[in-house]
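# Structure assessment
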Amino acid sequence: MRILVPYISFSLIAIAIEFIRLSLQKVFFWPHYKALLITAATGVGNSSLWFLPALFFVQIIYYPIEKFVVNNYIKFIVILIIGIIGALLGTNGISLPIFFDNALALLPYFYIGKTLMKTGLFNNTSTSNICKEIVFSVIIIVILYMVYPISV
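Predicted model, so just to flag it, every value in this text is computed and none were measured. (Residues numbered from 1 in each chain as written. Predicted model: local features only at pLDDT ≥ 70, side-chain atom pairs only at ≥ 80, totals over all residues. Heavy atoms only, no water.)

## Regarding the side chain of K75
Definition in use: Labels follow the DSSP assignment, with helices taken as runs of H or I lasting at least four residues and strands as runs of E lasting at least two, numbered in each case from the N terminus. Residues are treated as being in contact if the distance between any of their heavy atoms lies within 4.5 Å.
If you trace the backbone, K75 turns up in helix α4 (residues 72-91). Excluding anything up to four places from it in sequence, K75 contacts I65, E66, V69 and Y111.

## Re α4
This is how the line gets drawn: A helix is expected to span 1.5 Å multiplied by its residue count minus one. For the purposes of these results, a polar contact is taken to be a pair of N or O atoms within 3.5 Å, where, inside protein, one atom must be able to donate a hydrogen and its partner to accept one; residues adjacent in sequence count only when each atom of the pair is a side-chain atom.
An ideal rise of 1.5 Å per residue puts 28 Å on 20 residues; α4 measures up with 28 Å between its terminal C-alpha atoms. Looking at the buried positions of α4, the neighbouring elements they touch are α3 (51-68) and α5 (100-119). Put simply, N71 is the residue that caps the front of α4, since its side-chain oxygen is 2.9 Å from the backbone nitrogen of Y73. After α4 finishes, the residue G93 shows a positive phi value of roughly 75°.

## A few points about α3
For the record, the criterion: Remark: exposure states derive from per-residue accessible area (1.4 Å probe, protein chains only) relative to the maximum for the residue type, with buried under 20%, exposed over 50%, and partly exposed in between.
With 18 residues, α3 extends 26 Å between its outermost C-alpha atoms, agreeing within 8% with the 26 Å of an ideal straight helix rising 1.5 Å per residue. Buried within α3 we find L52, P53, A54, F56, F57, V58, I61, Y62 and I65.

Remember, this is a structural readout, not a statement about activity or role.
Now the structure itself:
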C-alpha cells in the first residue's frame, strides 16, 4: 500500500490541475468531466509514475504464486505464462487500467530479482562485488530482452 500513496497523491494533484485548467477555459462540460474521470481511473494522467501501480500489482500477483505453488518448475512456468500474456497484451496494443498489463509483462523480471535475492549474491557491498552485480545485471537484461522482448 505504501507504493500507491505517492501515486494516488500525485494523480489527485494532476487531476486537480486539469480540472482548474478546464474551468479557467470555461470548456468544462460533461464530455470533459467524463474524460477526466477516465483519466483518473486508467492512470493515464500520471504516466510518469506508471511503475508504482505496476509494481503494486506485480507484488499482488506474485504473492499467491510464491505462497501456494511449492514446485519451483511449476512456479516458473506459471510466472512465464503470465508474463507472456502481459507481453502479448502490450504487443497488440491492448492496455488494461492502471498499468495492469505492464505488471503482467514484468512479473518474470520480478521473479528473477526475487530469486537472485534469495541466493545472497547481492548481500556483499564491496566494490568488486558491486561491479560483478552490474556486469551480471547487464548480461541478464540482454539475455532476457533477446528471449523475451518487451517494450513499456
